[in-house]
Amino acid sequence: GAVVSQHPSWVICKSGTSVKIECRSLDFQATTMFWYRQFPKQSLMLMATSNEGSKATYEQGVEKDKFLINHASLTLSTLTVTSAHPEDSSFYICSALDRGRGTDTQYFGPGTRLTVL
Amino acid sequence: AQTVTQSQPEMSVQEAETVTLSCTYDTSESDYYLFWYKQPPSRQMILVIRQEAYKQQNATENRFSVNFQKAAKSFSLKISDSQLGDAAMYFCAYRSPIYNQGGKLIFGQGTELSVKP
């Protein structure tokens, strides 16, 4: 399958600071990427859909000013958690939609564990 | 709106035995896609198998097969000859056609599978 990388794999930051998470599709181009949040023992919650060259589409209840998404190229999307607080601590996962192989399949990054102190 | 339900929070299987994980979904669409993803303790989401709704034949990938019952809106996953490495959280997911909702996945709650040696 296709490969999606995510960086960093884990990050610890102080309350009030901003954190940027990168998601890259390594062997395919992805016009669409997705950002999820996952709490322990729970399912993935879709936060937003990131489209290359246009604004992200946020799911209901997700603060767009807090979770800034930029999809500047066909292989890179970034999620910036602004003014992070302890309640933002979570596991963030990105995925990229591979449309080039005819299967339209989402491939997932390994995730980023964010801890806000 | 589409929904996906996994009614088994936990399942257990003896090594080398067969186990079936259940998934039901609700939709008014006739064209859609169904997936099973595996999330081991590393938390990397791995695509196990996919099924196109227009295909009557059940998908198979080595030891993994599905029982797709379109009329009943059921999509169960059968794991044969279970191995210790199969222990993971398994998520069932639904996706509309790309032209409708852009490839978003709707996940079930997950089933945690343990494999006993």
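### Considering the overall build of chain B
- If you tally the helices and strands in chain B, you get zero helices and twelve strands.
- Secondary structure of chain B in N-to-C order comes out as β-β-β-β-β-β-β-β-β-β-β-β.
- Against the 2.2 N^0.38 benchmark of 13 Å for 117 residues, chain B shows a C-alpha radius of gyration of 14 Å, consistent with a compact globule.
- Over its C-alpha atoms, taken along the principal directions, chain B stretches across nearly 45 × 30 × 20 Å.
- For chain B, restricting intrachain contacts to residue pairs at least 6 apart in sequence, the fraction spanning at least 24 positions comes to 57%.
- For chain B, the computed accessible surface area is about 5600 Å², with 47% contributed by carbon and sulfur atoms.

### Quick notes on the nonpolar core
- Of all hydrophobic cores here, the largest spans 27 residues; its most connected members are Phe 67 and Leu 114 of chain A.
- Of all the secondary structure elements, the ones that give two or more residues to this core are strand E2 (10-13), strand E3 (19-25), strand E4 (32-38), strand E5 (44-51), strand E7 (67-73), strand E8 (76-81), strand E9 (90-98) and strand E11 (112-116) of chain A.
- Excluding anything up to four places from it in sequence, Phe 67 of chain A contacts Arg 37, Met 47, Tyr 58, Val 62, Leu 79, Thr 80, Val 81, Asp 88 and Tyr 92 of chain A.
- In terms of nonpolar packing, the next biggest core, distinct from the first, is built from 25 residues, Val 4, Tyr 32, Phe 68 and Phe 75 of chain B among them.

### Details of the packing of aromatic side chains
- A complete count under the given rule lists 14 aromatic pairs over all chains for this structure.
- Ring geometry for Tyr 36 of chain A and Phe 108 of chain A: centres 5.6 Å apart, planes at 40°, overall tilted. Of this pair, Tyr 36 of chain A sits in strand E4 while Phe 108 of chain A sits in strand E10 (residues 105-108), and the two are 72 residues apart along the sequence. Both residues of the pair, Tyr 36 of chain A and Phe 108 of chain A, count as buried.
- Aromatic ring contacts, followed pair by pair, group Tyr 36 and Phe 108 of chain A together with Phe 35, Tyr 37, Phe 91 and Phe 107 of chain B into a single cluster.
- It is Arg 43 of chain B that lies over the ring of Phe 91 of chain A; its NZ or CZ is 4.1 Å from the centre.
- For the cation-ring pair, Arg 95 of chain B lies above Tyr 33 of chain B, with the distance from its terminal atom to the ring centre recorded as 4.3 Å.

### Side note on the interface of chain A and chain B
- Contacts between chain A and chain B engage 25 residues on the former and 21 residues on the latter.
- Together chain A and chain B conceal approximately 1800 Å² of surface at their shared face, both sides included; 51% is due to carbon and sulfur atoms.
- For the interface between chain A and chain B, the tally reads two salt bridges.
- A salt bridge links Glu 112 of chain B to Lys 41 of chain A, with the shortest nitrogen-to-oxygen separation between them at 3.0 Å.
- Residue assignment for the side of chain A that touches chain B shows that the elements contributing at least two residues are E4, E5, E9 and E10 of chain A.
- Here the side of chain A that touches chain B takes four residues from E4 of chain A, the largest share from any one element.
- Class assignment for the residues of the side of chain A that touches chain B results in eleven nonpolar, nine polar and five charged.

Cut-offs used in this document
Residues numbered from 1 in each chain as written. Chains lettered and ligands numbered in written order. Predicted model: local features only at pLDDT ≥ 70, side-chain atom pairs only at ≥ 80, totals over all residues. Heavy atoms only, no water. Helix = DSSP H or I, 4+ residues; strand = E, 2+ residues; numbered from the N terminus. Rg over C-alpha atoms; globule rule 2.2 N^0.38 Å. Contact = heavy atoms within 4.5 Å. Areas by Shrake-Rupley, 256 points an atom, 1.4 Å probe, with all protein chains shown as cover. Core = buried A, V, L, I, M, F, W, Y, C linked by side-chain atoms within 4.5 Å. Buried < 20%, exposed > 50% of the residue type's maximum accessible area, 1.4 Å probe, protein only. Phe/Tyr/Trp six-rings, centres within 6.5 Å; stacked < 30°, edge-to-face > 60°. Lys NZ or Arg CZ within 6 Å of the ring centre and 35° of its normal. Buried area = accessible area lost by both parts, 1.4 Å probe. Salt bridge = Lys/Arg side-chain N within 4 Å of Asp/Glu carboxyl O. Nonpolar A, V, L, I, M, F, W, Y, C, P; charged D, E, K, R; others polar.

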